[in-house]
Amino acid sequence: MIIDHTNPIYAKKRNSLVGGNKYNGAYYYSREIVKNIIPNVKTDRNWVTVRLREQPIPEHSIVFIHNNRNPNYYEFLRQYKDLILVCGLEKTVDNMQYFGKAIYLPLSVDVKSVERYKVKEKTKEMAFAGRLIKISKMYHAPVPKECDILTNMPQYKLLKAMAEYRKVYCTGRTAIQAKILECEIGVHDRNFPDPRIWKILDNKDAAKILQTKINEIDGIV
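The rules behind the values
Residues numbered from 1 in each chain as written. Predicted model: local features only at pLDDT ≥ 70, side-chain atom pairs only at ≥ 80, totals over all residues. Heavy atoms only, no water. Axes fitted to C-alpha atoms, helices over the stretch in contact; angles between N-to-C directions. Helix = DSSP H or I, 4+ residues; strand = E, 2+ residues; numbered from the N terminus. Parallel < 35°, antiparallel > 145°, perpendicular 65-115°, else oblique. Left-handed = near helix turned anticlockwise from the far one by under 90°. Contact = heavy atoms within 4.5 Å. Nonpolar A, V, L, I, M, F, W, Y, C, P; charged D, E, K, R; others polar. Core = buried A, V, L, I, M, F, W, Y, C linked by side-chain atoms within 4.5 Å. Buried < 20%, exposed > 50% of the residue type's maximum accessible area, 1.4 Å probe, protein only. Pairing = 2+ DSSP bridges. 1 Å grid on protein atoms, 1.4 Å probe; cavity = no way out; pocket = protein on both sides within 12 Å on 5 of 7 lines; lining within 4 Å. Points joined across faces, edges and corners; volume = space filled by probe spheres on them. Lys, Arg positive; Asp, Glu negative; His and termini not counted. Salt bridge = Lys/Arg side-chain N within 4 Å of Asp/Glu carboxyl O. Polar contact = N/O pair within 3.5 Å; in protein donor to acceptor, adjacent residues only side chain to side chain.

Draft legend 1. Here's a closer look at the packing of helix α5 (residues 155-162) against helix α6 (residues 172-180). One can describe the packing of α5 onto α6 by two numbers: an axis separation of 10 Å at closest approach and a directional angle of 45 degrees. By the angle between their axes, α5 is oblique relative to α6. When you trace α5 past α6, the crossing you get is right-handed. Residues Gln155, Leu158, Leu159 and Met162 of α5 touch α6, and the partners they reach there are Arg173, Thr174, Gln177 and Ala178. Each residue belonging to the contact of α5 with α6 can be placed in one class, and the counts come to four nonpolar, three polar and one charged.

Draft legend 2. A look at the nonpolar core. Counting 42 residues, the largest nonpolar core has Ile37, Phe64, Val86, Met162, Val168, Leu181 and Leu210 as its most contacted members. When residues no more than four places from it in sequence are discounted, the contact partners of leucine 181 are Val114, Tyr117, Lys118, Lys122, Leu159, Met162 and Ala163.

Draft legend 3. Inspection of the sheet that holds strand β9 (residues 184-186) at higher detail. Ordered by their spatial adjacency, four strands build an open sheet running β7-β6-β8-β9, and the pairing between neighbours is parallel. Taken across any chain shown, the strands that pair with only one partner, and hence form the sheet edges, are β7 (148-150) and β9. Direction aside, the axes of adjacent strands within the sheet are offset by 35 degrees on average. Direction of pairing for strand β6 (residues 124-129) relative to strand β8 (residues 165-169): parallel, over a ladder of four bridges. For lysine 124, the partnering residue across the bridge sits in β8 and is tyrosine 165.

Draft legend 4. Highlighting the layout of surface pockets. The space that makes up the largest pocket amounts to roughly 1300 Å³. Every residue lining the largest pocket is counted, 50 residues in all, and those nearest its centre are Asn24, Gly25, Ala26, Arg131 and Lys134. Counting only elements with at least two residues in the lining of the largest pocket, the list comes to α1 (8-15), α2 (25-37), β6, α5 and α6. Tallied by class, the residues present in the lining of the largest pocket amount to 22 nonpolar, 19 polar and nine charged. Considered as a void within the structure, the second largest pocket measures approximately 310 Å³ in volume. Lining of the second largest pocket is provided by 13 residues; of these, Arg31, Glu32, Ser113, Arg116 and Gln155 occupy positions nearest its centre. Looking at the lining of the second largest pocket, the elements with two or more residues in it are α2 and α5. The element best represented in the lining of the second largest pocket is α2, accounting for five residues. Of the residues contributing to the lining of the second largest pocket, the split by class is five nonpolar, three polar and five charged.

Draft legend 5. Fine view of the sheet that holds strand β1 (residues 2-3). Read from one edge of the open sheet, five strands run β1-β2-β3-β4-β5, paired in parallel fashion. Bordering the open sheet on either side are β1 and β5 (101-104), each of which pairs with just one other strand. Examined bridge by bridge, β1 and strand β2 (residues 46-48) share two bridges and lie parallel to one another. Of the residues in β2, the one forming a bridge with isoleucine 3 is valine 48. Strand contacts of helix α7 (residues 203-218): β2, β3 (61-65), β4 (83-87) and β5, with the helix running at about 150 degrees to β5, the strand carrying the most contacts.

Draft legend 6. Expanded view of the environment of alanine 207. Structurally, alanine 207 can be placed in helix α7. Considered as a pair, alanine 207 and asparagine 36 are 171 residues apart in the sequence and their alpha carbons are 7.8 Å apart. With sequence-adjacent residues up to four places away left out, alanine 207 is seen in contact with Asn36, Ile37, Asn40 and Val41.

Draft legend 7. Fine view of the side chain of arginine 51. Assignment of secondary structure puts arginine 51 in the loop between β2 and β3. Put simply, arginine 51 is tucked away with no salt bridge, and the nearest opposite charge, on glutamate 54, sits 6.5 Å away. In this structure the side chain of arginine 51 is engaged in a polar contact, spanning 2.8 Å, whose partner is the backbone oxygen of tyrosine 73.

Draft legend 8. Seen up close, α2. Listed in full, the buried residues belonging to α2 are Ala26, Tyr27, Tyr28, Tyr29, Ser30, Glu32, Ile33, Asn36 and Ile37. Buried residues along α2 sit in contact with α1, β3, α5, α6 and α7. The opening residue of α2, the one whose side-chain oxygen lies 3.2 Å from the backbone nitrogen of alanine 26, is asparagine 24.

Written out as C-alpha coordinates, the structure reads:
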(Lines give C-alpha, C1' and ligand atoms only; values in the text may rest on other atoms or scores of the structure.)
Protein backbone atom coordinates (compact mmCIF):
# COMPACT_ATOMS: atom_id res chain seq x y z
CA MET A 1 0.00 0.00 0.00
CA ILE A 2 1.20 3.50 -0.85
CA ILE A 3 -0.19 6.69 0.66
CA ASP A 4 1.18 9.52 -1.47
CA HIS A 5 0.47 12.83 -3.20
CA THR A 6 -2.35 11.23 -5.24
CA ASN A 7 -4.40 10.55 -2.10
CA PRO A 8 -7.73 12.46 -2.45
CA ILE A 9 -7.38 14.00 1.02
CA TYR A 10 -3.90 15.29 0.26
CA ALA A 11 -4.87 16.52 -3.20
CA LYS A 12 -7.81 18.48 -1.78
CA LYS A 13 -5.65 20.08 0.91
CA ARG A 14 -2.90 20.96 -1.55
CA ASN A 15 -5.32 22.54 -4.03
CA SER A 16 -6.67 24.76 -1.25
CA LEU A 17 -3.24 26.23 -0.46
CA VAL A 18 -2.45 29.80 -1.51
CA GLY A 19 0.56 32.10 -1.68
CA GLY A 20 2.87 29.64 -3.38
CA ASN A 21 2.49 26.98 -0.69
CA LYS A 22 0.85 24.73 -3.28
CA TYR A 23 4.30 24.27 -4.83
CA ASN A 24 5.91 22.82 -1.72
CA GLY A 25 8.86 20.47 -1.72
CA ALA A 26 6.99 17.61 -0.07
CA TYR A 27 4.69 17.28 -3.07
CA TYR A 28 7.51 17.11 -5.61
CA TYR A 29 9.63 14.83 -3.44
CA SER A 30 6.66 12.46 -3.07
CA ARG A 31 6.33 12.25 -6.85
CA GLU A 32 10.00 11.34 -7.18
CA ILE A 33 9.87 8.84 -4.32
CA VAL A 34 7.01 7.01 -6.01
CA LYS A 35 8.68 7.12 -9.43
CA ASN A 36 12.33 6.50 -8.62
CA ILE A 37 12.75 5.15 -5.09
CA ILE A 38 9.87 2.80 -4.27
CA PRO A 39 10.26 0.69 -7.46
CA ASN A 40 13.93 0.17 -6.57
CA VAL A 41 13.43 -1.02 -2.99
CA LYS A 42 12.33 -4.55 -2.07
CA THR A 43 10.27 -4.64 1.12
CA ASP A 44 6.96 -5.93 2.44
CA ARG A 45 6.40 -2.64 4.25
CA ASN A 46 3.81 -0.03 3.27
CA TRP A 47 4.88 3.42 2.08
CA VAL A 48 3.76 6.86 3.28
CA THR A 49 5.29 9.74 1.33
CA VAL A 50 3.13 12.66 2.57
CA ARG A 51 1.80 13.79 5.95
CA LEU A 52 -1.91 13.09 6.45
CA ARG A 53 -3.24 13.15 10.00
CA GLU A 54 -6.70 12.33 8.68
CA GLN A 55 -5.57 9.18 6.88
CA PRO A 56 -4.92 6.12 9.07
CA ILE A 57 -1.43 4.78 8.49
CA PRO A 58 -0.94 1.03 8.17
CA GLU A 59 1.43 -0.41 10.73
CA HIS A 60 4.69 -1.75 9.34
CA SER A 61 5.16 1.34 7.15
CA ILE A 62 8.00 3.46 5.84
CA VAL A 63 7.15 7.13 6.45
CA PHE A 64 9.03 10.03 4.83
CA ILE A 65 9.46 13.03 7.14
CA HIS A 66 9.38 16.45 5.46
CA ASN A 67 9.10 18.96 8.31
CA ASN A 68 12.56 19.17 9.87
CA ARG A 69 11.93 22.10 12.19
CA ASN A 70 9.10 20.86 14.38
CA PRO A 71 8.95 17.24 15.61
CA ASN A 72 5.51 17.90 17.13
CA TYR A 73 4.27 18.10 13.55
CA TYR A 74 4.44 14.29 13.59
CA GLU A 75 3.19 13.66 17.11
CA PHE A 76 0.24 11.73 15.67
CA LEU A 77 2.62 8.93 14.62
CA ARG A 78 2.85 7.77 18.26
CA GLN A 79 -0.37 5.77 17.79
CA TYR A 80 1.17 3.54 15.12
CA LYS A 81 3.58 0.64 15.57
CA ASP A 82 6.62 -0.62 13.70
CA LEU A 83 7.34 2.46 11.61
CA ILE A 84 10.55 3.34 9.81
CA LEU A 85 10.82 7.13 9.65
CA VAL A 86 12.99 8.38 6.80
CA CYS A 87 14.60 11.73 7.65
CA GLY A 88 16.37 13.96 5.14
CA LEU A 89 18.59 15.61 7.76
CA GLU A 90 20.71 13.92 10.41
CA LYS A 91 19.48 16.21 13.20
CA THR A 92 15.89 15.25 12.39
CA VAL A 93 16.65 11.64 13.32
CA ASP A 94 17.13 12.65 16.97
CA ASN A 95 13.79 14.48 16.97
CA MET A 96 11.86 11.60 15.42
CA GLN A 97 13.25 8.60 17.30
CA TYR A 98 10.33 8.68 19.76
CA PHE A 99 7.81 7.95 17.02
CA GLY A 100 9.49 5.01 15.30
CA LYS A 101 12.83 3.70 14.01
CA ALA A 102 14.24 6.93 12.59
CA ILE A 103 16.94 6.69 9.91
CA TYR A 104 18.88 9.26 7.91
CA LEU A 105 18.52 9.21 4.14
CA PRO A 106 20.17 12.24 2.49
CA LEU A 107 17.82 14.32 0.37
CA SER A 108 17.94 13.28 -3.27
CA VAL A 109 16.62 14.47 -6.62
CA ASP A 110 16.01 13.14 -10.11
CA VAL A 111 19.36 14.36 -11.47
CA LYS A 112 18.66 13.76 -15.17
CA SER A 113 15.36 15.66 -15.06
CA VAL A 114 17.16 18.69 -13.59
CA GLU A 115 20.19 18.57 -15.91
CA ARG A 116 18.05 19.22 -18.97
CA TYR A 117 17.45 22.78 -17.74
CA LYS A 118 21.16 23.70 -17.75
CA VAL A 119 22.16 26.73 -19.84
CA LYS A 120 25.44 27.44 -21.61
CA GLU A 121 25.74 30.94 -20.17
CA LYS A 122 24.15 32.51 -17.11
CA THR A 123 22.74 35.99 -17.72
CA LYS A 124 21.41 36.98 -14.28
CA GLU A 125 23.12 37.62 -10.96
CA MET A 126 21.15 36.42 -7.94
CA ALA A 127 17.75 35.17 -6.85
CA PHE A 128 15.89 33.57 -3.97
CA ALA A 129 14.12 30.34 -4.93
CA GLY A 130 11.37 28.85 -2.78
CA ARG A 131 8.28 29.73 -0.81
CA LEU A 132 8.07 33.27 0.56
CA ILE A 133 7.52 31.93 4.06
CA LYS A 134 11.17 30.86 4.01
CA ILE A 135 12.24 34.51 4.07
CA SER A 136 9.41 35.82 6.26
CA LYS A 137 9.88 37.54 9.61
CA MET A 138 8.84 34.29 11.27
CA TYR A 139 11.92 32.52 9.89
CA HIS A 140 14.30 35.48 10.22
CA ALA A 141 16.06 34.46 7.01
CA PRO A 142 16.67 37.63 4.97
CA VAL A 143 18.14 37.78 1.47
CA PRO A 144 19.81 40.77 -0.27
CA LYS A 145 17.39 43.46 -1.43
CA GLU A 146 18.66 43.18 -5.01
CA CYS A 147 17.63 39.49 -5.17
CA ASP A 148 15.02 38.47 -7.68
CA ILE A 149 12.31 36.34 -6.06
CA LEU A 150 11.44 33.04 -7.73
CA THR A 151 8.33 31.70 -6.08
CA ASN A 152 4.74 30.53 -6.66
CA MET A 153 5.52 28.47 -9.75
CA PRO A 154 5.52 24.77 -10.68
CA GLN A 155 8.88 23.05 -10.45
CA TYR A 156 9.68 22.95 -14.16
CA LYS A 157 9.29 26.73 -14.34
CA LEU A 158 11.38 27.18 -11.20
CA LEU A 159 14.22 25.05 -12.60
CA LYS A 160 14.13 26.89 -15.90
CA ALA A 161 14.28 30.24 -14.11
CA MET A 162 16.99 29.22 -11.61
CA ALA A 163 19.30 28.03 -14.37
CA GLU A 164 19.76 31.62 -15.55
CA TYR A 165 21.26 32.81 -12.24
CA ARG A 166 24.85 32.73 -11.04
CA LYS A 167 23.83 32.67 -7.37
CA VAL A 168 20.65 31.29 -5.82
CA TYR A 169 19.56 31.54 -2.19
CA CYS A 170 17.81 28.28 -1.38
CA THR A 171 17.84 25.21 0.86
CA GLY A 172 17.00 21.51 0.77
CA ARG A 173 16.24 19.81 -2.51
CA THR A 174 16.04 23.20 -4.26
CA ALA A 175 19.68 23.79 -3.29
CA ILE A 176 20.65 20.39 -4.67
CA GLN A 177 18.87 21.22 -7.92
CA ALA A 178 20.61 24.61 -8.05
CA LYS A 179 23.99 22.88 -7.66
CA ILE A 180 23.17 20.59 -10.59
CA LEU A 181 22.37 23.74 -12.58
CA GLU A 182 25.85 25.00 -11.58
CA CYS A 183 24.58 27.89 -9.47
CA GLU A 184 26.43 29.14 -6.40
CA ILE A 185 24.31 28.50 -3.29
CA GLY A 186 23.61 31.58 -1.17
CA VAL A 187 23.08 31.08 2.57
CA HIS A 188 19.98 32.74 3.99
CA ASP A 189 18.84 30.31 6.70
CA ARG A 190 20.80 30.24 9.96
CA ASN A 191 19.81 26.59 10.41
CA PHE A 192 21.91 25.75 7.34
CA PRO A 193 24.99 27.99 7.45
CA ASP A 194 27.15 25.72 5.28
CA PRO A 195 25.90 25.11 1.71
CA ARG A 196 28.14 22.04 1.48
CA ILE A 197 25.44 20.14 3.39
CA TRP A 198 23.48 19.96 0.13
CA LYS A 199 25.22 17.16 -1.76
CA ILE A 200 24.04 15.94 -5.15
CA LEU A 201 22.44 12.51 -4.76
CA ASP A 202 20.25 10.85 -7.37
CA ASN A 203 16.96 9.26 -6.29
CA LYS A 204 18.01 5.83 -7.52
CA ASP A 205 21.25 5.93 -5.57
CA ALA A 206 19.24 7.00 -2.52
CA ALA A 207 17.08 3.92 -3.06
CA LYS A 208 20.17 1.72 -2.69
CA ILE A 209 21.07 3.41 0.60
CA LEU A 210 17.51 3.04 1.85
CA GLN A 211 17.43 -0.65 0.87
CA THR A 212 20.51 -1.32 3.00
CA LYS A 213 19.06 0.46 6.03
CA ILE A 214 15.67 -1.25 5.76
CA ASN A 215 17.39 -4.64 5.50
CA GLU A 216 19.39 -3.88 8.66
CA ILE A 217 16.24 -3.00 10.60
CA ASP A 218 14.24 -5.96 9.33
CA GLY A 219 17.12 -8.40 9.76
CA ILE A 220 17.36 -9.26 6.08
CA VAL A 221 20.76 -10.51 4.94
